[in-house]
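What the coordinates show
Listed here are the chains, written in short residue letters.
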Amino acid sequence: MKLSLIRNTCGILRGQRTGHIVSGLSRRCLAVGPSSSSLLLRAAYATSSCRLNAKVSFDLGKHPAKEDVFECDSSLREVVQHSKKAMAALQRKNSAIQPTLVIVQSSEDVNMWEIHKKVAEMVGLKISQICLSKHSTEDEVIEEILKLNEDPSVHGVSIHLPSSFLTSRVVNALRPEKDIDGLSDVNVGRLLRGDSGQSFLPPVASAILDLLKNHDVSLEGKSVLLVGPEGPQTYSLQALIERSGMQASKSHATAKNLQKRVMKADAVVLLGEGNINVPPAWVRPGAAVIRENEISTKLGSGHLVAAYRIQNLIRWLQEQQYRPWSLRSLKLKPLTPVPSDIEISRAQTPKAVTVLAEEIGLLPEELEAYGRNKAKVRLSLLDRLQSQPDGNYVLVAGITPTPLGEGKSTVTIGLVQALSAHLKLNSFACLRQPSQGPTFGVKGGAAGGGYAQVIPMEEFNLHLTGDIHAITAANNLVAAAIDARMLHEATQSDKALYKRLVPSVNGVQKFSPIQICRLQRLGITKTDPESLTPQEVSSFVRLDLDPKQVTWQRVVDTNDRFLRKITVGQASTEKGQARETGFDIAVASEIMAILALSNSLEDMRSRLARMVVGTSRSGCPVTAEDLGVSGALAVLMKDAIKPTLMQTLEGTPVFVHAGPFANIAHGNSSVLADKLALKLVGREGFVVTEAGFGADIGMEKFFNIKCRTSGLKPNVVVLVATVRALKMHGGGPGVSAGAPLPKEYIEENLGLVAGGCRSNLRKQIQIAQQFGVPVVVACNVFKTDTEAEVALVCQIARECGAADAVPCNHWALGGRGSLELAEAVKKAASKPNHFKFLYDIEMPIVEKIRAIAQKVYGADDITLSAEAEAKINYYNQQGFGSLPICMAKTHLSLSHMPEKKGAPTGFVLPIRDVRASIGAGFIYPLVGTMSTMPGLPTRPCFYDIDIDPVTEEITGLF
């Protein structure tokens, strides 16, 4: 198992506790300075003036002056210089890297500290010392080690404790990737097995080996006797000695034949803490004697051990900057006929998510597992891989949707299965998290389908890691804060409000940081609560929200039409503050759009603060920051901002993150998931992300909104089409849910196919081409399609300007059925890319709307209602005019008329209203009526969903 390292500087280092000592177990001595440290078993090094002569051991008391150490020992100088160069190269690639070593010891050792500080100063390393009480228990030592394991700013740990502390439990409590002394079972086992490149070479053993190699008399082929207790140090040293061409043997210090064995040895190494009695008379002439226990405590000694320790840490960091993939694909055995999605999902055994994470180069500390099959990935990955080039960026979009379905998610999964499992190219799928509304309503699962899906599909479709619940909680906290604030302002005086908003604690009034931000927005620079004038107090305490202009609604992740309009405040305790409001489905919350567009936790916190929840009676926007709730929202969302790692049926990685509506929001998975994936796949890899609905909605918003936010540029667009949907756009009859399909959709009809291709497919290809990105058409094949129909789709798509068009059979065959698509995408990604936005962000709002209507939808022009014009003027006055446009219109047609299939022309697009999501960062014009709360059909999907109480297997999900 290939384990790893970490990143930034030690949490205990942040400059504030240098040199402090605390009592008890926590009697921690914290010393900070550039360097590495000492550890349990130490080895000697010799300067050029200390080389052994006959019958003479290394005299550690006779050392050169401190300033001469590095000049006297060529080995030390070489190791330090190598580490120094490696460190400089690391920091050129990633300036944020600050390697940190922590020493855990039971007492302060000034000499050892000086040694390591001296070495580290030359290399540029940070070091921390944790001093434990000599009365600490084994459990207390392990507790300290476990804290260091979880600290992402600690890169290496050295445990310098008496042997009584160094039990197997203690040594192996330390993660192997932080065990820079190489003494854990994992590291020793790797070394003994011959995998030295994957483990740390123990610095003590390395220093001893260096001394043996540099002895005045060559020891190659000679014998070395190791005297002392059995242990990891002994085993490691023996392995290194034997691999260096010497012969190694072991003996206990109490062995009866010790004298005889010492006299035969060409070199003797005395290991352990005690003073092993080996009289000089026992040592044969010319033999070397090294005493390990005298090394680390004497000034002028131990520098080589410290240098090797630092070299270990830096070498490991070098290897962890980008870890090549070792992906093991899962085998598929497709059945005919194709079983249900849930049967296929359940028939495959997914890899443990920790195994998958290791295969794609994630470090253990970058993963937060949620059970066996899914895990959150920490955003610290972006810091570690900031210098890593991005891979190829592929967007999957589709033709205008029909009730017959196009299968964008299935194509996305099939494509990445083909790329990774079959072409052996690193690839990642990035998908949106499905809402429980459609899952239990009309759509069912959203994990792909057939042999191209995310597994386990039950976990994908139900709750996942709770992100939507976090959004629901955050959204409804804002709603509660709005109504509470309006109630308190309506029933209290300025003085009473101020007293409660800025309470006196122990006789002292103090503004909270978020209140100081509000004062600054009001132009009040005072920070003493007692210094505000009555007018300033009134401005501070009164948001004066107009109940009729509150735009924020509550949310729930269920299709519930009866919540579309409700009345709140009807209890007597609400004192006449009743008002009409309503519920949206959770994925329609602006907080969901913010999650999908945020570039970092800091960015998300800022966006949450900017959310406009309503307008004051004086016409000023009121934000979440004004309500004082934005910090709490960020806390509720702190885990939701991390993408969730899952896998496909063939064991290739998937990020599932965010799920904004594609009508009133932008309908794409998160910026952060794409960014993390692009770093992980490497320069030659592929990240395939999906946009909601047709190219006129999801793709247009992906380019103009998501790409503006992320700064990323796509390489290829995959446009998904089906023969059945094209027949409908070509003039085929309508279909009804539950009714048999008309014969036009199950029998060959080349005329309808051609009509749909030359209208809707052609238009969608042209839309993509306006952005300067190559287009590959994926014809998602159904069992009712004929070869002639599929061939005609591909032929016309190429004639319409697609770089290529290929049939896809991933639903029935998995990745093998999308190999042709994978090859076409790979080829298209190598072509010149001239990506550009559709409009200049500084254009007037009306002109940006017109550009989308005319260039994307094919409208002749737009018309604005009086309400829409008034809103646009208001947004311009408030400084929101330079935001991108997120059109809210039907997904069932390129026009605003759902019944108009194909590529309608000669229409004027009516804009009935214009709204704004200031936190998310876009203006959204409303074309027609957009429902943000779906309703349940007569027979919802939940009729078929159940669980076996014995096996806990879910049935009927999809």
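Refer to the structure above for everything that follows.
**Examining the overall build of the protein**
Helix and strand counts for the protein stand at 33 helices and 34 strands. Taking the principal axes of its C-alpha atoms as reference, the protein extends roughly 105 × 80 × 55 Å. Burial statistics for the protein: of 958 residues in total, 58% are counted as buried. Partitioning the intrachain contacts of the protein with sequence separation of at least 6 by distance along the chain shows that 76% fall at a separation of at least 24. By element, 52% of the accessible surface of the protein is carried by carbon and sulfur atoms, the whole surface being about 37400 Å². Placing the 106 positive and 94 negative side-chain charges of the protein at their respective mean positions leaves the two points 2 Å apart.

**Structural notes on the state of the cysteines**
Counting across every chain of the model gives zero disulfides. Cysteine 794 carries a free sulfur, and the closest cysteine sulfur to it, the one in cysteine 779, is 5.4 Å from it. There is no disulfide at cysteine 808, and the cysteine sulfur nearest it, in cysteine 779, is 7.6 Å away. Classification of cysteine 808 by relative accessible area gives buried; the value is 0%.

**Here we look at the environment of aspartate 151**
You can see aspartate 151 is positioned in the loop between helix H4 (138-150) and strand S3 (156-160). Assessed through its relative accessible area of 18%, aspartate 151 is described here as buried. Separated by 558 residues in sequence, aspartate 151 and threonine 709 place their C-alpha atoms 31 Å apart.

**Side note on the packing of aromatic side chains**
This structure, assessed with the given rule, holds 14 aromatic pairs. Their ring planes at 20 degrees and their centres at 4.5 Å tell us that phenylalanine 428 and phenylalanine 655 sit as a pair that is stacked. Of this pair, phenylalanine 428 sits in strand S11 (residues 427-431) while phenylalanine 655 is found in strand S24 (residues 653-656), placing the two residues 227 residues apart along the sequence. Looking at phenylalanine 428, the relative accessible area reads 0%, which means it is buried. With relative accessibility at 0%, the residue phenylalanine 655 sits in the buried group.

**Some remarks on the sheet that holds strand S2 (residues 126-131)**
Strand order in this open sheet of three strands is S2-S1-S3, and the pairing throughout is parallel. Strands with a single pairing partner mark the edges of an open sheet, and in this sheet they are S2 and S3. On average, each strand axis in the sheet is tilted by 20 degrees relative to the strand beside it, whichever way the strands run. Across the sheet, helix H3 (residues 110-123) lies against strand S1 (100-105), S2 and S3, angled at about 165 degrees from S2, the strand it touches most.

**A few points about the pattern of salt bridges**
Close approach of charged atoms lets side chains of opposite charge pair. Tallied over the entire structure, the rule returns 38 salt bridges. With its nearest N and O atoms 2.8 Å apart, the salt bridge here joins aspartate 626 to arginine 521. Residue aspartate 626 is located in helix H23 (residues 624-627), and its partner arginine 521 is located in helix H19 (residues 513-521); the two are separated by 105 residues in the primary sequence. Of the residues examined, aspartate 626 reaches a relative accessible area of 11% and is grouped as buried. Under the relative-accessibility criterion, arginine 521 is labelled partly exposed at 43%. The partner of lysine 642 in a salt bridge is aspartate 639, with the nearest N and O atoms 3.2 Å apart. Using a relative accessible area of 27% as the deciding quantity, one classes aspartate 639 as partly exposed. One salt-bridge network, in which partners are shared between bridges, spans Glu368, Arg378, Lys638, Asp639 and Lys642.

**What to know about the side chain of serine 616**
The residue serine 616 is located in strand S21 (residues 612-616) in this model. Within the structure, serine 616 has its side chain in polar contact with the side chain of serine 618 (distance 2.9 Å).

**Side note on the layout of surface pockets**
Reported here for the second largest pocket is a volume of approximately 1300 Å³. In terms of lining residues, the second largest pocket is bounded by 45 residues, among which Val550, Thr551, Trp552, Arg915 and Tyr924 are the most central. When the residues that make up the lining of the second largest pocket are grouped by side-chain class, the tally is 21 nonpolar, 12 polar and 12 charged.

**A short note on helix H10 (residues 303-320)**
With 18 residues, H10 should cover 26 Å at 1.5 Å per step; its first-to-last C-alpha distance of 26 Å lies within 8% of that length. In terms of burial, H10 is a largely internal element, 14 of the 18 residues being buried.

**Quick look at helix H8 (residues 232-243)**
The end-to-end C-alpha distance of H8, which contains 12 residues, comes to 17 Å, matching closely the 16 Å that a straight helix rising 1.5 Å per residue would cover. For H8, the complete set of buried residues consists of Gln233, Thr234, Ser236, Leu237, Gln238, Ala239, Leu240 and Ile241. Close packing links the buried residues of H8 with helix H6 (185-193), helix H7 (203-213), strand S4 (223-227), strand S5 (247-251) and strand S6 (267-270). Where H8 terminates, the next one or two residues include glycine 245, which has phi positive at roughly 90 degrees.

Conventions we followed
- Residues numbered from 1 in each chain as written.
- Predicted model: local features only at pLDDT ≥ 70, side-chain atom pairs only at ≥ 80, totals over all residues.
- Heavy atoms only, no water.
- Helix = DSSP H or I, 4+ residues; strand = E, 2+ residues; numbered from the N terminus.
- Buried < 20%, exposed > 50% of the residue type's maximum accessible area, 1.4 Å probe, protein only.
- Contact = heavy atoms within 4.5 Å.
- Areas by Shrake-Rupley, 256 points an atom, 1.4 Å probe, with all protein chains shown as cover.
- Lys, Arg positive; Asp, Glu negative; His and termini not counted.
- Charge placed at Lys NZ, Arg CZ, Asp CG, Glu CD.
- Disulfide = S-S within 2.5 Å.
- Phe/Tyr/Trp six-rings, centres within 6.5 Å; stacked < 30°, edge-to-face > 60°.
- Pairing = 2+ DSSP bridges.
- Axes fitted to C-alpha atoms, helices over the stretch in contact; angles between N-to-C directions.
- Salt bridge = Lys/Arg side-chain N within 4 Å of Asp/Glu carboxyl O.
- Polar contact = N/O pair within 3.5 Å; in protein donor to acceptor, adjacent residues only side chain to side chain.
- 1 Å grid on protein atoms, 1.4 Å probe; cavity = no way out; pocket = protein on both sides within 12 Å on 5 of 7 lines; lining within 4 Å.
- Points joined across faces, edges and corners; volume = space filled by probe spheres on them.
- Nonpolar A, V, L, I, M, F, W, Y, C, P; charged D, E, K, R; others polar.
- Expected span 1.5 Å × (residues − 1).

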